Amino acid sequence: MIVHLIVRRLFFLVFVLLGLSLITFVLSHVVPRDPARIIAGPRASPEAVEKIRKEYGLDQPLWRQYVRYLSGLIHLDFGKSLTSRRPVSEDLARYLPATIELALYAMLFAVVVGIPLGVLSAVRRNSFLDLIGRTISILGLSIPSFWLALILQFFLFAQLGLLPDGQRLPVGVKEPPRVTGLFTVDALLAGNFGLFLLALKHLLMPSFVLGLAALAIVTRMVRSGMLEVLGQDYIRTARAKGLQPHVVILRHALKNALLPAVTVIGLQFGLLMGGAVLVEIIFSWPGIGRYTFQAIQNFDYNAVISVTLVIGAAYVLVNLLVDVIYVLLDPRIRVT
Amino acid sequence: MDPRRPEDALGLLLAARTGRLTRRQILSRGLQLGLSTPAILALLAACQRGGETATPTTAPAGATPQAAQTPTAGRRESENREFVVLFFGGVPDLDPQSAYDNQASALFLACYEMLIKLKGESTFEYEPMLAREWSHNENFTEFTFKLPPNAVFHDGSPCDADAVKRSFTRFLKMGRGPVNVISRFVEDPDEQIQVVDPTTIKFVMAKPQPLFLAAMASEYGPLVVSPKAWDEHKTATDEFAHDWFSQNIVGTGPYKPVELLQQERFVFERFDQYHGERPFFDRIIARVVPEDATRRQLMETGEAHGCAYINPEDLLAMKQNPNLQVIEYDTTEVDWIRMNYALLNTKARQGFCYAWPYQEVIEKVLRGFARPINGPIADTVIGYDPSIPTYTTDLQKAKQLLTEAGIKEGDTFTYMYSSGDQTDAAMAQLFQANLAQIGIRLELQQVERAALLELAYGDTPPEQRPHFMSGGWWPDYNDSWNQIYPNYHSDSVGSKGSNAMFYRNPEVDRLMNQLKDAASEDEIRRLTGQIVKILTWDDPAAIFYAQIRKATVLQKDIRGFVPNPIYINSYNFWAMWREAL
């Protein structure tokens, strides 16, 4: 059944991506901008601008540009970036893993801290612990990430020198042999634990800043889910049977309370992937957020459409994963 | 005669000899006295022969030199031979014959070379770069450059006269970005560039070109790339190997690339086969740090050693930091507010010139990193005419002229600027306040940067453009035509240039066409003066509100840095070093 669900979703993914590409392409081109002029700069001669226009096929009719783009896409050729002057696929291979790694650690932080905090807040409702949990939730949602990033950078880097200012690794340190593009994973695969720790140290501040809002949401969702479940009859029955409190909470309550949180976690991961721009700028993190920001500024169509497709595909796949986890968590849910 | 107040050439000479004036002041005063550049050069030479210049020889700890001065005498070199410089954004195009942006050229000066470069802080004297010596005939039609016999590219291939010719041929035939810098003088490289012998190359002009050397010293374009690398990487669809050169560097400069990561960093190490003097630093690292606050923190913690991209407010704070030097210098950049020529008549434009808050903008918005200017030509550029008066704010006069122009109280005008540009927003608000005092309404329109660029450099008709838009420019080399033509010639309107407000004055066009072919410095001065007078007073094209001063922040132990008004935000890596403190 699950296999059936996965195959069907992947089939529909093709149409989702096709629709996304069409909408993004049309929207990008209805704006009356000349990317060739933007790339060439204000000082360039009309001839130089025209040269760039021809080189990137911007002088072609719109439909032909779209068909060309689509035919390239079939061969995983995303075209050439107007900003970086390289194939977009090369740029994605370079910058996407940086953002995925950042988002993964941010999500890991949100889940590892958020779920226990939500559980404790619910179990010890109205206690001091609950107060702490709710305060963290409110702060996490209300503190602007750019402000937090600058403050942390000021104290932890500039004043105390505990953590680096940003970047994935210090200048001069060789990157691990590329397997996944995630430096921490690749360092471990290469058996270089020192490099793993170094990469992890560089991840701490940006992933904390990026993950704080997700942490707040996860904590809230788990807390409210737990409060609802803890009031159910079957929990009372379990307690009446004399089960240990931790067994009641972890095995019976948490499993059911997690269902709505899993949905939120899935959506949050997509948001983290697409919303890391400010964090990437402040921490000089060479990720897809900064790349997209520059691409939008320069009307770099190929890059904008490609990133949209990748983020869109990531959303669909994460949602698929959520659905699979749903089925595994709750056997009552039937795949239809 | 009081040498502190040099009122004639003799007084100026005395002041120069006693070291009371800097080179910049000597140049400025000399121009005000109507002296020609050669005469001023002689004065500067006399100044140097006569004793000490105004440049200090030791660095007072924590002091902020006034200009162009990181002392060089009495070297006690540090063991730390790494220089980390900060950029605000990536450099996507590393092809020096195509890239036309300021950060790229700062990077290129570490690894590529022009044949000659500007000398120190001068905008009209040259010194060797790739070429050891050069000469030209009397009427500026033949320019000969002598190359060092031992020059090689980073890929090991020899850099002889033939290689230089091929490099210029590639630049001119590829026709990208800054090609106009040289194509104005050399239209046919095959004919006009001649290899005399392996170490001698000659450029032959069709007519006298007194500004050719200035153009050859530009950091935009005339840098020499390896023909061997070109041959190895050209393809059927990319005959100039531009794709390859936009991602790789093979020059003759003192540093060769080690790591080139567009959005992250550019790492260079010393090139041991460099033909010139061995530079001090082993490694140059250019880090891309987009956030202002992070750049400041990196400088203040000592993690970075140089940064030219610090906002004025942070600069004021960093001036108080004893661990840093803030080197301020005049540039060739002039900033202006373009006025819509199609929507505003002459009287109206004159009136708006009087309504601009000059002093407030310089003091409160630009925080003193600018000074008043009398037109589009900075006082560091050949052709600057000190006799042309400078506007000051006079609301009475503004109101009178606007009334004569037929503008009534309550009439509304539009000022467009890029969202997020706080400087432009603050200036616009001050202008708005001034106009409100005389009953004129100014509507401020914020648009995103790309939209503003598109509007400015696209083909939108002037009637659909705002009344005011900010702008600014500095010439690619020391040439007033290069500064004025793209902005105010009628051939440069819309997408054909940067004449975003469709300024069209036949007399200015005529004078500019003459200026392009001017055969002597005197002619350049005379024609530029006439043009500037029209652009500023008779038929104003813009509100010329400031000549920009820039600042580069360095750690206090960095020595040998000499900023140049034309090489804005760049570094003379080859001469910089670190003192052991």
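What counts and how
- Residues numbered from 1 in each chain as written.
- Chains lettered and ligands numbered in written order.
- Predicted model: local features only at pLDDT ≥ 70, side-chain atom pairs only at ≥ 80, totals over all residues.
- Helix = DSSP H or I, 4+ residues; strand = E, 2+ residues; numbered from the N terminus.
- Buried ≥ 20, exposed ≤ 12 C-beta atoms within 10 Å, placed from the backbone.
- Contact = placed C-beta atoms within 7 Å.
- Pairing = 2+ DSSP bridges.
- Axes fitted to C-alpha atoms, helices over the stretch in contact; angles between N-to-C directions.
- Parallel < 35°, antiparallel > 145°, perpendicular 65-115°, else oblique.
- Left-handed = near helix turned anticlockwise from the far one by under 90°.
- Nonpolar A, V, L, I, M, F, W, Y, C, P; charged D, E, K, R; others polar.
- Core = buried A, V, L, I, M, F, W, Y, C linked by C-beta atoms within 7 Å.
- Domains from an automatic or database assignment.
- Expected span 1.5 Å × (residues − 1).
- pLDDT = per-residue confidence, 0-100.

- Identification of chain B as ABC transporter substrate-binding protein from Thermomicrobium roseum is taken from an unreviewed UniProt entry.

1. Thoughts on the overall build of chain B
1) Next: Along chain B, the regular secondary structure elements total 20 helices and 19 strands.
2) Next: Looking at chain B as a whole, 52% of its 581 residues qualify as buried.
3) Next: Counting only contacts in chain B whose residues sit at least 6 apart along the sequence, the fraction spanning at least 24 positions is 71%.

2. Points about the overall build of chain A
1) Next: Broken down by element type, chain A carries 14 helices and 0 strands.
2) Next: Element order for chain A, N to C, with α for helix and β for strand: α-α-α-α-α-α-α-α-α-α-α-α-α-α.
3) Next: In terms of principal-axis extent, the alpha carbons of chain A reach across some 85 × 55 × 40 Å.
4) Next: The 336 residues of chain A split such that 42% are buried.

3. Focus: the environment of Gln445(B)
Residues and elements named next belong to chain B.
1) Next: When you line up the elements, Gln445 lands in strand β15 (residues 441-447).
2) Next: Distance from Gln445 to Gln350, taken between C-alpha atoms, is 23 Å for residues 95 residues apart in sequence.
3) Next: The contact partners of Gln445, leaving out residues within four places of it in the chain, are Thr414, Tyr415, Met416 and Pro466.

4. Considerations on the pairing of strand β1 (residues 82-87) of chain B
Residue and element names in this part refer to chain B.
1) Next: Burial analysis of β1 places 5 of its 6 residues in the buried class, the great majority of the element.
2) Next: Taken together, the 2 bridges between β1 and strand β11 (residues 306-307) define a ladder with parallel strand orientation. Bridge pairing in β11 links Leu86 to Cys307.

5. So, the packing of helix α13 (residues 288-297) of chain A against helix α14 (residues 301-329) of chain A
Residues and elements named next belong to chain A.
1) Next: Packing of α13 against α14 brings their axes to within 8 Å, and their N-to-C directions diverge by 140°. The pairing of α13 with α14 is recorded here as oblique in orientation. Of the two elements, α13 crosses α14, and the hand of that crossing is left-handed. Taken together, the residues of α14 that come into contact with α13 (itself represented by Ile288, Tyr291, Thr292, Ala295 and Ile296) are Ala303, Val304 and Val307.

6. Some remarks on the pairing of strand β6 (residues 193-197) of chain B
1) Next: The pairing of β6(B) with strand β7 (residues 200-204) of chain B spans 4 bridges and is classified as antiparallel. Pairing of Asp197(B) across the sheet is with Thr200(B), part of β7(B).

7. Digging into unusual backbone geometry
1) Next: One non-glycine residue, Leu76(A), adopts positive backbone phi at about 60°.
2) Next: Assignment of secondary structure puts Leu76(A) in the loop between α4 (62-74) and α5 (88-123).
3) Next: Using a count of 7 C-beta atoms within 10 Å as the deciding quantity, one classes Leu76(A) as exposed.
4) Next: Unusually for a residue other than glycine, Phe140(B) sits at a positive phi of about 55°.
5) Next: Note on placement: Phe140(B) falls in the loop between β4 (133-136) and β5 (142-146).

8. Remarks on the sheet that holds β6(B)
All names here are of chain B.
1) Next: Strand order in the open sheet formed by 4 strands is β4-β5-β7-β6, with antiparallel pairing between adjacent strands. The sheet is open, and its two edges are formed by β4 and β6, each paired on a single side. The sheet shows a mean angle of 20° between the axes of neighbouring strands, taken without regard to direction.
2) Next: By the bridge criterion, 5 bridges tie β5 to β7 in an arrangement that is antiparallel. Along β7, the bridge assignment pairs Lys146 with Thr200.
3) Next: Helix α5 (residues 161-174) contacts β6 and β7 of the sheet and is inclined by roughly 175° relative to β6.

9. Here's the deal with the interface of chain B and chain A
The extent of an interface is frequently quoted as the accessible surface area lost upon association of the parts.
1) Next: At the interface, 40 residues of chain B touch 36 residues of chain A.
2) Next: Mapped onto the side of chain B that touches chain A, the elements with two or more residues apiece are β9 (265-270), β10 (283-288), α11 (292-300) and α17 (449-457) of chain B.
3) Next: Split by residue class, the side of chain B that touches chain A holds 14 nonpolar, 13 polar and 13 charged.

10. Brief notes about the packing of α5(A) against helix α11 (residues 245-274) of chain A
Residues and elements named next belong to chain A.
1) Next: With their axes 10 Å apart at the nearest point, α5 and α11 run at an angle of 150° to one another. Here the hand of the crossing between α5 and α11 comes out right-handed. Residues Thr99, Ala103, Ala106, Met107, Ala110, Val111, Val119 and Val123 of α5 form the contact with α11, whose own contacting residues are Ile249, Leu254, Ile265, Gln268, Phe269, Leu272 and Met273.

11. Observations regarding the nonpolar core
1) Next: In this structure, Ile284(B), Met339(B) and Ile543(B) are the most contacted members of the largest nonpolar core, which totals 179 residues.
2) Next: The dominant element in this core, judged by the number of residues it contributes, is strand β17 (residues 542-555) of chain B, at 9 residues.
3) Next: Both domains that meet at this core, namely domain 2 (82-286 + 556-578) and domain 3 (330-549) of chain B, each give it at least three residues.
4) Next: Excluding residues within four positions of it along the chain, Ile284(B) makes contact with Phe83(B), Val85(B), Ala110(B), Tyr255(B), Phe268(B) and Phe573(B).
5) Next: The next biggest cluster of nonpolar side chains, apart from the first, holds 72 residues, and it includes Leu212(A), Ala261(A), Val262(A) and Val304(A).

12. Some words on the environment of Glu523(B)
All names here are of chain B.
1) Next: Among the secondary structure elements, Glu523 is positioned in helix α20 (residues 521-538).
2) Next: By the C-beta count within 10 Å, which is 15 here, Glu523 ends up partly exposed.
3) Next: Linking Glu523 and Gly383, residues 140 residues apart in sequence, is a C-alpha distance of 9.0 Å.

13. Section: α4(A)
1) Next: Between its first and last C-alpha atoms α4(A) spans 19 Å; for 13 residues at 1.5 Å apiece the expected length is 18 Å, and the two agree.
2) Next: Phi turns positive, to about 60°, at Leu76(A), one or two residues after α4(A).

14. Considerations on the confidence of the model for chain B
Residues and elements named next belong to chain B.
1) Next: Summary statistics for chain B give a mean pLDDT of 87 and a share of 87% for residues scoring 70 or more.
2) Next: Long-range and interchain partners of residues 1-7, a stretch whose pLDDT sits below 50, account for 15 contacts in this model, where long-range means more than four residues apart.
3) Next: Note that pLDDT drops below 50 for residues 46-68; the model gives that stretch 47 contacts with residues more than four away or on any other chain.
4) Next: With pTM at 0.82, the complex prediction returns an ipTM value of 0.81.

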